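Below, each chain spelled out in residue letters.
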Amino acid sequence: MELPVTMPDSGDRKKVSYTIETRNLSYALPSLYDEFSLIFCCKNPKRPQKFIIKDVNCEARPGEITAIAGPSGAGKTTLLEILSGKISPTKVTGQVLVNGHPVNAKCFRRLSGYVTQEDALFPLLTVEETLMYSALLRLQGGKKEAANRVGVLIKELGLEQVAGSRVGGGSNRGISGGERRRVSIGVELVHDPAVILIDEPTSGLDSASALHVISLLQVMVAHQGKTIVLTIHQPGFRILELFDRLVLLSNGCVLHNGPLKYLEERIKFSGLQIPPHINVLEFAIDVTGSIVIQTSGTPNIHFHLKDHGEKKESLRKDDEGFTISNHNDMVKKCPSYSNSYIEEILILGGRFCKNIFRTKQLFATRIIQALVAGFILGSIFMNVDNNLGQVALQTRLGFFAFSLTFLLSSMTEGLPIFLQERRIFMRETSRGAYRVSSYVVANTFVFLPFLLMVGLLYTVPVYWLVGLRQNMDGFLYFAMVVWMVVLMSNSFTACFSALVPNFIMGTSIIAGLMGSFFLFSGYFLSKEKIPSYWIFMHYLSLFKYPFECFLINEYGGKGGKRCLESERGECKLFAIDFLRQQDLKESQKWSNLAVMLCFILGYRVLCYLILWCRCYRTRN
């Protein structure tokens, strides 16, 4: 496919360019021994740290593609994460400089674009929709400005033929791997960043797709003067020729930093001979142990002088069409959020709706599940109240308990979807696309009508088939309680999806807590028989309050004079007396709904705090 060579017209305004430089940069992961020593205040001497990168000195200039290469475990991704601000400068030694000044990580994350190795995209959105939502969240000017930018970007990326196709991924078939990779790059290009950082852009791609992606980046460098830094494992000859600068790492140390044409001279200087039919980088990676390590303390003068000449040439190129920004300019240009709070909620809400209605497992299955469960339960417990006696009463209580078990457990199926969204959420918020609170509020409001529909589809058949109170106010109250129950379950799942690291731990924790809530609900043991040291679980139970609401709705109010047990034609237990036995009052009919609302809001607030802490740790 022929690559586009036309770029968006920037007018007479000069674009700001950035030079990234590292000086004696080192980063080591703390060992478990050090963490335990810190916790227990041990004074034993520290063990030697294992450095992932050590004393790295390198540079990335405007108008160039800088490739970070090396064998597996060399520290390529770690170095890129430090440059992107994903790893905070406070956790590393040495300096990261942007145009000669210490980097402001918060501003730099918003001004740059960082593409991770794994494509974090919504599989059910089309290519155009994916780029459009990213543009709406990152650009000012509304839909018209976003649509213009997306139209230009689709042409630049060569995605015109698949613009209306869904991205896909996993079990969802969609566009090819190379096209998906270009979409990931496009998501980070919508705000036209001057610096682009990409982790393994060719990973998992065939040679043609890999060349297409790198050629696209080379066109951007040539026409827009962007600073592009990428990591790569073992590129082919044609890809290698597109790199302007190479940083070769081995065991966290720099073996070469400079133009590719000087790497061959460095290899020969080390007394090695490159065999025919093998490219320079591939051979250099194979013999990394024999190449002299390049450090700032003992530089190779021969290569230093040549590199200095290249730097002058690069600066002359900057003077032709791009301006070098200083630190104060970067802070001034550091963008705030592109949209207002309400606009963010509307944009995110629209994206949530599309994902919900296009997710068959979440939408169609839950609707069918609610209808089928309502009819089956209704047919099983049909008109059980026509009979009097203790058995009939226990059967009705069992129906209420099983209904709550079904409703609360069925909503936890959304856990994998929440976890998938969290990856995208972390990427977008780390780049300053929107506020954490906007995401939580939008997620909450979008599920309100959807879960109301699910609750009504369950309530309509089951209420009348079972033969509960035959009046409309009882039906409406029952439907409201069901709606509140599924909202509680959804908020509970959202909260723990923000907390747990993976699906397996999430299902284990949620299932364990749901079982505990059911145990302490008051159905198996009354509140008086629960040990005092476990009584707090009774009040935290998600089963307790809706279960009591069902009982009050059925046996309270106008139905309080119903006879539940009789002997020889004489009533032994009226409905109102049964509620007194359960220590329930008519006033709790609404106070319990208020408590359930507090649970919904409380879990959402807790979800917000957990996500905010995650984002804060990422930013700092």
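Analysis parameters
Residues numbered from 1 in each chain as written. Predicted model: local features only at pLDDT ≥ 70, side-chain atom pairs only at ≥ 80, totals over all residues. Heavy atoms only, no water. UniProt positions renumbered as here; feature names shortened; annotations may be inferred. Helix = DSSP H or I, 4+ residues; strand = E, 2+ residues; numbered from the N terminus. Buried < 20%, exposed > 50% of the residue type's maximum accessible area, 1.4 Å probe, protein only. Contact = heavy atoms within 4.5 Å. Pairing = 2+ DSSP bridges. Expected span 1.5 Å × (residues − 1). Core = buried A, V, L, I, M, F, W, Y, C linked by side-chain atoms within 4.5 Å. Phe/Tyr/Trp six-rings, centres within 6.5 Å; stacked < 30°, edge-to-face > 60°. Lys NZ or Arg CZ within 6 Å of the ring centre and 35° of its normal. Axes fitted to C-alpha atoms, helices over the stretch in contact; angles between N-to-C directions.

If you check an unreviewed UniProt entry, the protein appears there as ABC transporter G member 10 from Datura stramonium. What the UniProt record of the protein gives under Subcellular location (unreviewed entry) is the line "Membrane".

*Asks:* Would you mind showing me how to read the overall build of the protein here?
*Replies:* The helix and strand inventory of the protein stands at 23 helices and 14 strands. Evaluated residue by residue, the protein yields a buried proportion of 53% over its 620 residues. Partitioning the contacts of the protein with sequence separation of at least 6, the portion at a separation of at least 24 is 78%.

*Asks:* Mind showing me how you'd approach the pairing of strand β5 (residues 93–98) here?
*Replies:* Working note: regular strand, side chains alternate between the two faces of the sheet. In terms of strand pairing, strand β2 (residues 20–29) meets β5 through 5 bridges, oriented antiparallel. Within the sheet, the bridge partner assigned to E21 lies in β5 and is L97. By the bridge criterion, 2 bridges tie β5 to strand β6 (residues 101–102) in an arrangement that is antiparallel. Across the sheet, the residue bridging to V98 is H101, located in β6. With antiparallel pairing between neighbouring strands as the criterion, β5 and β6 make up a hairpin whose turn holds 2 residues, including N99 at a positive phi of roughly 55 degrees.

*Asks:* Is there a simple way to explain helix α18 (residues 472–499) in this structure?
*Replies:* Given 3.6 residues per helical turn, the α-helix brings residues three or four places apart onto the same face. Between the first and last C-alpha of α18 there are 41 Å, a value that for 28 residues agrees with the 40 Å anticipated at 1.5 Å per step. Buried residues dominate α18, accounting for 22 of its 28 residues.

*Asks:* Just checking my understanding: could you explain the nonpolar core for this structure?
*Replies:* Inside soluble globular proteins, nonpolar side chains tend to come together where they are buried. Formed by 150 residues in total, the largest nonpolar core has its most connected members in L230 and Y458. The greatest single-element share of this core, amounting to 15 residues, is contributed by α18. Excluding its chain neighbours within four sequence positions, the residues that come into contact with Y458 are A370, A373, G374, L377, F399, S403, F406, L407 and V482. Membership of the second largest hydrophobic core comes to 30 residues, among which are A60, V103, L111 and Y114.

*Asks:* Looking at this model, I keep getting lost on the packing of aromatic side chains. Mind explaining?
*Replies:* For any pair of aromatic rings, the description consists of the separation of the ring centres together with the inter-plane angle of the planes. In total, this model carries 25 aromatic pairs according to the counting rule given. Members of the aromatic cluster, each reached through a chain of ring pairs, are F381, F399, F400, Y463, W464, F475, F478 and F550. Across the ring face of Y337, the terminal group of R110 is positioned such that the distance to the ring centre comes to 4.7 Å.

*Asks:* Is there a simple way to think about the UniProt feature "transmembrane region" (unreviewed entry) in the protein in this case?
*Replies:* Mapped onto this structure's residue numbering, the UniProt feature "transmembrane region" (unreviewed entry) falls at residues 363–382, 397–419, 440–464, 476–496, 503–525 and 593–613. With 85% helix and 0% strand, residues 363–382 has end C-alpha atoms that lie 28 Å from one another. Taken end to end, residues 476–496 comprises 100% helix and 0% strand; its first and last C-alpha atoms sit 31 Å apart.

*Asks:* Please clarify how unusual backbone geometry should be interpreted in this entry.
*Replies:* Negative phi values dominate among residues other than glycine, just as trans dominates among peptide bonds. One non-glycine residue, N99, lies in the positive phi region at around 55 degrees. Inspection of the secondary structure puts N99 in the loop between β5 and β6. Given the relative accessible area of 14%, N99 is considered buried.

*Asks:* What am I meant to see in the sheet that holds strand β4 (residues 64–69) here?
*Replies:* A sheet is described by the order of its strands in space; here 6 strands give the open sequence β7-β8-β9-β4-β10-β11, paired in mixed fashion. Both outer strands of the open sheet, β7 (112–115) and β11 (253–258), are each paired with one neighbouring strand and no more. Shown here is a sheet whose adjacent strand axes are inclined to one another by a mean of 15 degrees, direction ignored. Examined bridge by bridge, β7 and strand β8 (residues 195–198) share 4 bridges and lie parallel to one another. Within the sheet, the bridge partner assigned to Y114 lies in β8 and is L197. In this fold helix α9 (residues 261–269) packs onto β10 (245–250) and β11, with an angle of close to 130 degrees to the strand it touches most, β11.

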